[in-house]
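Analysis of the macromolecular model
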Amino acid sequence: MRARDLNWMQVEEYLSRDDRVVLPVGSTEQHGYLSLETDNILAERVSAEAAEPLGVLVLPVLAYGLTPSFAAYPGTPTLRLETFLAVIRDLLDSLHGQGFRRFLVVNGHGGNLAAASLVREWAAERPDAQAIFHNWWASERVQAEAMSIDPEPSHANWTRLEGVDLPSERKPPLDQEAYRVANPDGVRDLLGDGVFAGAYQLPDDQVAAVWRAGVEEVRELLESAWR
């Protein structure tokens, strides 16, 4: 159940029988030839598709995260670390105050990993609550499926934006050492179009297999990951 399809009275009724809630977290940032909202779209969609048969509430995606490295790409706003962590904490606090007790934070952006520690700390302080931080795109199952198709799953590849032509050749591997120490302008010089490495796109059936692994894993967490 997406929050956008419900009113507050329906959510109150939901809370009378279920205390689970999904908070998708993404980032608005450059993704090469893909949408600036790729992380947001995928985090919310994988959450919604996983939760739909279970009837679990899915909140709107948190659309801004930590992406300072991509500051030289237009359309890539970033939060400061302290701001981002404060927002996550505030959201968990306010939802907890309304009666939610089991929280699945579905993260779609690698720069947001600092929130994983915050979520564990938050839950440790509340014996009556449980909170899981899940990187849907980086999980063992999704990565195994991706690497069975192509050995270089990477940033900003494999999917497509309607009406945009993608290069047919593979992009050479990223110089990881240079990337780690580069400032935003240096990152843009290294990446150029913003894609890290590998194929720009793959056949739909192969991409769908990776997607199914992600949806199934999120659904299993919602069903059975709670103590």
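My aim in this report is to walk through the structure given alongside it, one point at a time. Please read all numbers here as calculations on a predicted model, not as lab measurements. Going along each chain's sequence as written, the residues are numbered from 1 onward. Totals for whole chains, interfaces and linings use all residues, but because this is a predicted model, local features are given only for residues with pLDDT of at least 70 and pairs of side-chain atoms are given and counted only at 80 or more. In computing side-chain values, all of the structure's heavy atoms are included and hydrogens and water are not.

1. Concerning the pattern of salt bridges
Any Lys or Arg side-chain nitrogen found within 4 Å of a carboxyl oxygen on Asp or Glu counts as a salt bridge. Under the defined criterion, the tally for this structure stands at 15 salt bridges. D19 is the partner of R102 in a salt bridge, and the nearest nitrogen-oxygen pair spans 2.6 Å. A residue pair is termed long-range when its members are at least 10 positions apart, and R102 in strand β3 (residues 102-107) and D19 in the loop between α1 (8-15) and β1 (20-25) qualify at 83 residues. Given a relative accessible area of 22%, R102 falls into the partly exposed group. Burial classes: relative accessible area under 20% of the type maximum marks a residue as buried, over 50% as exposed, and values in between as partly exposed (1.4 Å probe, protein chains only). What makes D19 partly exposed here is its relative accessible area of 21%. Its salt-bridge partner being E125, residue R89 comes within 3.7 Å of it at the nearest N-O pair. Taken as a pair, R89 in helix α3 (residues 81-97) and E125 in the loop between α4 (114-124) and β4 (130-135) lie far apart in primary sequence, 36 residues in all. Put simply, R89, D93, E121, E125 and R126 are held in one network by salt bridges that share partners. Going along the chain from the N terminus, every DSSP run of H or I of four or more residues is numbered as a helix, and every run of E of two or more is numbered as a strand.

2. Thoughts on the nonpolar core
Nonpolar side chains tend toward joint burial in soluble globular proteins. In this structure, I88, F100, F103, L104, V218 and L222 are the most contacted members of the largest nonpolar core, which totals 40 residues. In this analysis, two residues are considered to be in contact whenever any of their non-hydrogen atoms come within 4.5 Å of each other. When residues no more than four places from it in sequence are discounted, the contact partners of L222 are R20, V22, A50, A51, L54, V56 and L104. What makes a nonpolar core is a set of buried Ala, Val, Leu, Ile, Met, Phe, Trp, Tyr and Cys residues whose side-chain atoms join them at distances within 4.5 Å. Counting seven residues, the second largest nonpolar core, distinct from the first, contains F70, Y73, L191 and F196.

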